[in-house]
Amino acid sequence: MLDTDRLRADIPAYDTAGPPPVFLDSAGSSLPPRIVVDTAVAHLRREAEIGGYRAASERLDDLAAVKTAIATLINADASAIALSDSASRSWSDFFYAVPLRPGDRILVSGSDYASNVIAALQRARAAGATVEAIPSDDTGQIDLVALDSMLDDSVKIVSLLHAPTNGGLVNPVAEATRIAHRVGALVLLDACQSAGQIGIDVAELGVDAMSATGRKWLRGPRGTGFLYVRPDVCRELEPSRLDLHSAAWTGPQDYRVAPDASRFEFWECDVAARLGLGAAVNYLLDLGPENVYADVAAKARHLRENLPSIRGITLRDLGTEHSGIVSFTVDGVDPGQVRETLRAADITVTVSYRSSTLLDMSARRLESVVRASPHCFVTLEELDRFLEAVDRLAG
Ligand SMILES: *Cc1c(COP(=O)(O)O)cnc(C)c1O
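Residues numbered from 1 in each chain as written. Predicted model: local features only at pLDDT ≥ 70, side-chain atom pairs only at ≥ 80, totals over all residues. Heavy atoms only, no water.

J.: I tried to follow the pattern of salt bridges on my own but got confused; where do I start?
T.: Where side chains of opposite charge bring their charged atoms close, a pairing between them can arise. Enumeration according to the criterion identifies 19 salt bridges in this entry. Among the salt bridges present, the one from Lys156 reaches Asp104, with a minimum N-O distance of 3.4 Å. With Lys156 in strand S5 (residues 155-161) and Asp104 in the loop between helix H5 (87-95) and strand S3 (105-108), this pair connects stretches of sequence that are 52 residues apart. Where Glu340 meets Arg339, a salt bridge forms, and the shortest distance between an N and an O atom there is 2.9 Å. Here the residues in one salt-bridge network are Arg46, Glu49 and Glu58, joined through shared partners. (Salt bridge = Lys/Arg side-chain N within 4 Å of Asp/Glu carboxyl O. Helix = DSSP H or I, 4+ residues; strand = E, 2+ residues; numbered from the N terminus.)

Here is the structure:
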């Protein structure tokens, strides 16, 4: 286990003298370490002193190191990373670059995220393609047999969810990817809820592309995200939009697309936030990602073991392998009311609504669930404070 006191000494949110808030929303927007805040704020100040261009030119090495750090975390090459302002941006940057023709099929996961499916539906409408959901098996994870039976060479892209937003499920991504590749479909992985809390090795998973956000389990600033694209796939895809960074203007009628994943980036960005993201990933690398992942799993397990003994509580997590997201409902108490009651006790949880994961929630006839997502810096005492508060409101 990591030293929780040391972790918390690094977090500005715990500088307070009084009882610390109980923070269980790292699946929404986590608490950053001090180095992340200081890095971003210092750069904003520097921009104000000497202008944004000179300020950025002083940090060129650190900016390049942001991609190197991310690449190290997911076992890729830095040239395979494109930085962006969100996971949805990164996901759609790749998705909209994949050519689609009438009759093509797009497969989405049963627990897929609203933004992904909305984009798929939009493109399908425009191209005369279709969107089909991969069924889930009895445990709730992707049904690999069903996936296999759906595949033929009309399937152009398969959207896989590593860990959904509305519960503790972890999907068998490597197996699903191997199956999808048999017909030559591209696999785009949404790793928004896994990056920073579950080990990701893109070489081992074999996916063609992967998107993630900065502010959740990676504990970076808001407005940051990244895309990984497998180099051989990247060379074949032209992004749907280009600028003078993703491409070079080589003649009155000519341009050349950037050779690496930077073809999926625009030039302008929030440099302070980007440096903050680099600081967040380096902080994680310094802690030892495996230590963090084990700690998150232990905290979530503590909740999963103890919540069911409270009368009226139903755990809603699917799957056989679990992430740090713990989802549940309370008999007779609306999830929104649970969130508000807990907030009054300075305990932060969120509610995940049907509209975010429509296919899965509709299949389970759920309107919403309470989502508690503890990171490694949350103490066992705080988890018990949360459990007691849930016990009180359920009783
Ligand atoms: C939060 C989330 C996203 C979207 O991330 P943004 O950075 O807000 O675009 C995508 N997929 C899943 C599973 C998420 O939980």
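J.: Sorry if this is basic, but what is going on with the pairing of strand S15 (residues 368-372) here?
T.: Taken across its 5 residues, S15 has 5 buried, putting it largely inside the fold. Alternating residues of S15 divide into Ser368, Val370 and Ala372 and Val369 and Arg371, and every residue in both groups is buried. In this structure, strand S14 (residues 350-353) lies alongside S15, joined through 4 bridges in antiparallel fashion. Looking at S15, one finds that Ser352 is bridged to Val369. (Buried < 20%, exposed > 50% of the residue type's maximum accessible area, 1.4 Å probe, protein only. Pairing = 2+ DSSP bridges.)

J.: Please explain the site of the ligand as it appears in this structure.
T.: Around the ligand lies a shell formed by Ser86, Ala87, Ser88, Tyr113, Leu161, Thr165, Asp190, Cys192, Gln193, Thr213, Arg215 and Lys216. Residue Gln193 places a side-chain N or O atom 2.9 Å away from an oxygen atom belonging to the ligand. One of the side-chain nitrogen or oxygen atoms of Lys216 is found 2.8 Å away from an oxygen atom of the ligand. Burial of the ligand by the surrounding chains reaches 92%, relative to a free accessible area of 380 Å². A breakdown of the residues in the shell around the ligand according to their chemical character gives 4 nonpolar, 5 polar and 3 charged. (Near = heavy atom within 4 Å. Polar contact = N/O pair within 3.5 Å; in protein donor to acceptor, adjacent residues only side chain to side chain. Areas by Shrake-Rupley, 256 points an atom, 1.4 Å probe, with all protein chains shown as cover. Nonpolar A, V, L, I, M, F, W, Y, C, P; charged D, E, K, R; others polar.)

J.: Sorry if this is basic, but what is going on with the nonpolar core here?
T.: Generally speaking, a soluble globular protein has its nonpolar side chains buried in company with each other. If you look at the biggest cluster of nonpolar residues, it comprises 80 residues, and the most contacted ones within it are Val158, Met210, Leu307 and Phe386. For this core, the two domains that each supply at least three residues are domain 1 (4-29 + 288-394) and domain 2 (37-286). Apart from the residues within four sequence positions on either side, Leu307 is in contact with Ile313, Leu315, Val326, Phe328, Phe386, Leu387 and Val390. Among the nonpolar cores identified, the runner-up in size contains 26 residues, and Ala119, Ala127, Val229 and Phe264 belong to it. (Core = buried A, V, L, I, M, F, W, Y, C linked by side-chain atoms within 4.5 Å. Domains from an automatic or database assignment. Contact = heavy atoms within 4.5 Å.)

J.: Just checking my understanding: could you explain the UniProt feature "domain: Aminotransferase class V" (unreviewed entry) in the chain for this structure?
T.: Listed under "domain: Aminotransferase class V" (unreviewed entry) in the UniProt record, and renumbered for this structure, are residues 22-386. The annotated region residues 22-386 carries 39% helix and 18% strand content, and the separation between its end C-alpha atoms amounts to 7 Å. (UniProt positions renumbered as here; feature names shortened; annotations may be inferred.)

J.: Please explain the UniProt feature "modified residue: N6-(pyridoxal phosphate)lysine" (unreviewed entry) in the chain as it appears in this structure.
T.: Those residues carrying the UniProt feature "modified residue: N6-(pyridoxal phosphate)lysine" (unreviewed entry) are Lys216 in this numbering. Here Lys216 is in contact with Ser26, Ala27, Gly28, Ser30, Cys192 and Gln193, once residues within four sequence places are set aside.

J.: Any chance you could explain the packing of aromatic side chains here in plain terms?
T.: The geometry of an aromatic ring pair comes down to the distance between the two centres and the angle between the two planes. Evaluation of the coordinates by the stated rule reveals 7 aromatic pairs. Judged by centre distance (6.4 Å) and plane angle (40 degrees), the ring pair of Phe94 and Phe264 falls under tilted. With Phe94 in helix H5 and Phe264 in the loop between strand S10 (254-257) and helix H11 (271-287), this pair connects stretches of sequence that are 170 residues apart. The exposure class of Phe94 is buried, given its relative accessible area of 0%. By relative accessible area, which is 5% here, Phe264 ends up buried. Taken together, the ring pairs connect Tyr14, Phe23 and Phe377 into an aromatic cluster. For Arg123, the ring lying beneath its charged end belongs to Phe95, and the centroid distance is 5.6 Å. The side chain of Lys216 reaches across the aromatic face of Tyr113, ending 5.9 Å from its centre. (Phe/Tyr/Trp six-rings, centres within 6.5 Å; stacked < 30°, edge-to-face > 60°. Lys NZ or Arg CZ within 6 Å of the ring centre and 35° of its normal.)

J.: Would you take a moment to explain the side chain of Asp295 for this structure?
T.: With respect to the element layout, Asp295 can be found in helix H12 (residues 289-306). Given the relative accessible area of 1%, Asp295 is considered buried. Other than its neighbours up to four places away in sequence, Asp295 contacts Met1, Leu2 and Cys376.

J.: Explain the sheet that holds strand S7 (residues 209-213) here, please?
T.: Pairing between the strands of a sheet is mediated by backbone hydrogen bonds and can be parallel or antiparallel. If you trace the 7 strands from one edge of the open sheet to the other, you get S2-S8-S7-S6-S5-S3-S4, paired in mixed fashion. Every other strand in the sheet has two partners, leaving strand S2 (81-84) and strand S4 (130-133) as the edge strands with one partner each. Across the sheet, the mean angle from the axis of one strand to that of its neighbour is 20 degrees, orientation sign disregarded. Most of the contacts of helix H4 (residues 60-74) go to S2, to which it runs at about 120 degrees, and overall it touches S2, S7 and strand S8 (225-229). (Axes fitted to C-alpha atoms, helices over the stretch in contact; angles between N-to-C directions.)

J.: Any chance you could explain the sheet that holds strand S12 (residues 326-330) here in plain terms?
T.: Within the open sheet, the 4 strands sit side by side as S11-S12-S15-S14. Their pairing is antiparallel. Each edge of the open sheet carries a strand with a single partner, namely strand S11 (313-315) and S14. Between one strand and the next, the sheet's axes are offset by a mean angle of 40 degrees, whatever the strand orientation. Here S11 runs beside S12; their pairing, made up of 3 bridges, is antiparallel. Bridging from a neighbouring strand, Ile313 pairs with Val330 of S12. Across the sheet, helix H13 (residues 335-344) is in contact with S12, S14 and S15; its angle to S14 comes to roughly 165 degrees. Across the face of the sheet, helix H15 (residues 380-394) comes into contact with S11, S12 and S15 while running at roughly 20 degrees to S12.

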